[in-house]
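Residue-level structure breakdown
What follows is each chain in one-letter form.
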Amino acid sequence: MPESHASDATSIPAAPETQVAATIQASSKQIKSRPYLHFYLPALKMASGIIQPHAKEAHIVNTSTGIRLLLTLIIVGILGIVSIQVLIATPLLSTRLLFAPSPWINWLIGILFSMGILTTLFIGRQKLTYLFDRTENLSKKPSTAMWLGSVITIGIILRLLWVISFPASPSSDGATYLWLAEKLSRGEEYGGTGWRAFWPPGYPFLLSPIVAIFGSSKEVIVGTNLAIYTGTIIGVYFLGRTIGGEACGRIATAIICIWPTHIALTGVPEKEMPLILILVIVFLLLYRRPKNYKIALPAGMILGFGALVQPSVILLTTAVIVSDFLIRSPAKIILMRLALILLGMALIISPWSIRNYQVFDQFVLISTNGGGVFYKANHPEATGGFIRTQWTDQLDQYPELEANALGFKLGMEWIRENPMDFLRLAIEKQILFLGDDSTGIYETLRRGGIQVSEPTYAAWKAVANSYWILIWIIILVGTYRWLSRREPPSILLLPMILVFLYFYSIHSIVESGGKYHLPALGFLAIIAALSITEKQRSHRQSQQRP
């Protein structure tokens, strides 16, 4: 018996009680293997007459199921809207940077491009289904060991070819983090001239023992990033398999393997690389067995270290709470998981917070750069991205704690006094967040001390952004199918979507840019992989239904 769908719950034909009981038992087994449907089981039992609840109980179950289904479809629908935004924002931003035409021409190009993609998808929908099915079938042929070994090997070769061709040097943020790691490796105090906690310490903490043992040469940075890549592939495979099955896990690893900006970041020390792996591990621990609340403690500890790398991830607990609610975890399990996650985060973050209290004689959770980042993105000359103006430069005359507090104060005042400008700027920040995936190309070919021609840089940037568009076309196809059937994908996919939407929302308010979506790369690969594999699985299920 195939797994049941919500629409089947009210259409089960009359049958003897034993036959219906067998139906429910078989459905229950299928639902256990596909957690995304398990919250339909109570309604299925009621419709089949196996249980006879009171009217009030039936109403509560149906209402609860309906609310969860509605919220699930809303989240998937938002992802579909974001997919269309990407198809508009990427050509819009590219034409703005290349030709700088008037704003309405940028928007016209973006809209026409997205309409062309949507039209092409509609015309070629049958061929697209064939390609998806072929991709899934091909991914299943090798053994798991052969597949993972090949993906890791091919990925390492591609990354080595890149760093040999473009041997970049650390710059900007990456150079600062490496310098801090070198200081820590020598036993020196964390900080620099005029600041003690401006830069988050997580990435220097990660690099410092490596630097102490092997040094800080380019080869060490490359080796570290290759090790992170290998861990990311393994983590993405297991998380993808948990969510959508074997083919989903395999295809997700292939997507990461050839992701251009991930390849291009191999030669430079950027905190986004370990953060991708950290978040994959956290959500693998949390959702491989959603009802095992004890695993939330180590997951919280790893997420706590992630917060030391990038403080904004500290609020990702909201994605966990919403996801647990939609999965129909008991309230007790939700609260215990949340408590253990927070405890784990506190165990990792609190030593640094105590250090900050000893340094400043007041509470500083992680870093003091939040106010400046917030004000740079919300002031009269703000562009949505990184910018220094006369307004932001005034913060430099204050000590770091005062500058941090003043940045938040001035930014909030500007938002209150200019709500329409803030909303307009939020749209611009979304364009910056969604419209470019060439961070690795930029860090290597523009900031890495390498002399390359404009055509070379433009060509690699086009490759990176073309791949980005392709990923979102696949995701758009998936969201359309899920919404058109009014049936959610794997319910365990929702945490992946919510993580991306979290970063999308945060960077609609604070400083934005293409690099800020990088921490969610592993999750986007899994969403795209499920978009490919879920169609064929659904087709097989419909063929098996009586």
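Residues numbered from 1 in each chain as written. Predicted model: local features only at pLDDT ≥ 70, side-chain atom pairs only at ≥ 80, totals over all residues. Heavy atoms only, no water.

Looking at the overall build of the protein
- A count of helices and strands for the protein gives 23 helices and zero strands.
- The burial tally for the protein puts 53% of its 546 residues in the buried class.
- Residue pairs in contact within the protein that sit at least 24 positions apart in sequence constitute 79% of those at least 6 positions apart. (Helix = DSSP H or I, 4+ residues; strand = E, 2+ residues; numbered from the N terminus. Buried < 20%, exposed > 50% of the residue type's maximum accessible area, 1.4 Å probe, protein only. Contact = heavy atoms within 4.5 Å.)

Remarks on the nonpolar core
- If you look at the biggest cluster of nonpolar residues, it comprises 127 residues, and the most contacted ones within it are Trp-259 and Phe-500.
- When residues of this core are assigned to their parent elements, the largest contribution, 13 residues, is made by helix α21 (residues 454-484).
- The contacts of Phe-500, once residues within four sequence positions are left out, are Val-82, Phe-433, Leu-434, Trp-472, His-517, Ala-520 and Leu-524.
- Counting residues in hydrophobic clusters, the runner-up holds seven residues, among them Phe-374, Ile-415, Leu-425 and Val-510. (Core = buried A, V, L, I, M, F, W, Y, C linked by side-chain atoms within 4.5 Å.)

What to know about the pattern of salt bridges
- Considering all chains together, one arrives at 15 salt bridges under this definition.
- The salt bridge partner of Lys-140 is Glu-136, with a shortest N-O separation of 3.3 Å.
- Measuring nitrogen to oxygen at the nearest pair gives 3.3 Å for the salt bridge that ties Glu-272 to Lys-271. Of the two residues, Glu-272 and Lys-271, both sit in the buried class.
- Among the ionic contacts, a cluster of salt bridges with common partners joins Arg-241, Glu-246 and Arg-250. (Salt bridge = Lys/Arg side-chain N within 4 Å of Asp/Glu carboxyl O.)

Notes on helix α5 (residues 125-139)
- Between its first and last C-alpha atoms α5 spans 21 Å; for 15 residues at 1.5 Å apiece the expected length is 21 Å, and the two agree.
- Taken together, the buried positions of α5 are Leu-128, Phe-132, Glu-136 and Ser-139. Buried residues of α5, viewed axially, fall in a sector of 75 degrees; they line one side. Projecting away from the buried face of α5 at angles above 90 degrees are the exposed residues Gln-126, Lys-127 and Tyr-130. (Expected span 1.5 Å × (residues − 1). Arc of directions from axis to C-beta.)

Here we look at helix α18 (residues 400-417)
- Helix length check: α18, at 18 residues, gives a terminal C-alpha distance of 26 Å against a target of 26 Å (1.5 Å per residue), a fit within 8%.
- On its buried face, α18 sits against α15 (331-360), α16 (370-376) and α19 (419-434).

Considering the packing of aromatic side chains
- Enumeration over the complete set of coordinates arrives at 21 aromatic pairs.
- Ring centres of Phe-283 and Phe-523 lie 5.4 Å apart, and the angle between their planes is 75 degrees; on these two criteria the pair is classed as edge-to-face. Of the two residues, Phe-283 sits in helix α12 (residues 272-287) while Phe-523 sits in helix α23 (residues 521-544), which places them 240 residues apart along the sequence. Across this residue pair, the class does not change: Phe-283 and Phe-523 are buried.
- Among the aromatic residues, those joined into a ring-pair cluster are Trp-259, Phe-433, Tyr-467, Trp-468, Trp-472, Phe-500 and Tyr-504.
- In this arrangement the basic side chain of Arg-337 is found over the ring face of Tyr-287, its NZ or CZ atom lying 5.2 Å from the centre. (Phe/Tyr/Trp six-rings, centres within 6.5 Å; stacked < 30°, edge-to-face > 60°. Lys NZ or Arg CZ within 6 Å of the ring centre and 35° of its normal.)

Digging into the packing of helix α14 (residues 317-326) against α15
- Where α14 meets α15, the closest approach of the two axes is 10 Å, and the angle between their N-to-C directions is 165 degrees. With respect to their mutual orientation, α14 and α15 come out roughly antiparallel. The chirality of how α14 crosses α15 is right-handed. Contacts between α14 and α15 involve Thr-317, Val-320, Ile-321, Asp-324 and Phe-325 on the former and, on the latter, Ile-334, Arg-337, Leu-338, Ile-341, Leu-342 and Met-345.
- Across the contact of α14 with α15, the residue classes tally to eight nonpolar, one polar and two charged. (Axes fitted to C-alpha atoms, helices over the stretch in contact; angles between N-to-C directions. Parallel < 35°, antiparallel > 145°, perpendicular 65-115°, else oblique. Left-handed = near helix turned anticlockwise from the far one by under 90°. Nonpolar A, V, L, I, M, F, W, Y, C, P; charged D, E, K, R; others polar.)

Points about the side chain of Lys-376
- Considering the arrangement of structural elements, one finds Lys-376 in helix α16.
- It is Glu-511 that comes nearest to the buried, bridge-free Lys-376 among opposite-charge side chains, at 5.7 Å.
- The residues contacting Lys-376, other than those within four sequence positions of it, are Ala-382, Gly-385, Phe-386, Ile-387, Arg-388 and Thr-392. (Lys, Arg positive; Asp, Glu negative; His and termini not counted.)

As for unusual backbone geometry
- Even without being a glycine, Ser-172 presents a positive backbone phi close to 50 degrees.
- Assignment of secondary structure puts Ser-172 in helix α7 (residues 172-185).
- Phi is positive for Asp-361, which is not a glycine, with a value near 60 degrees.
- On the secondary structure map, Asp-361 appears in the loop between α15 and α16.
- Residue Asp-361 is classed as exposed on the basis of its relative accessible area, which comes to 60%.

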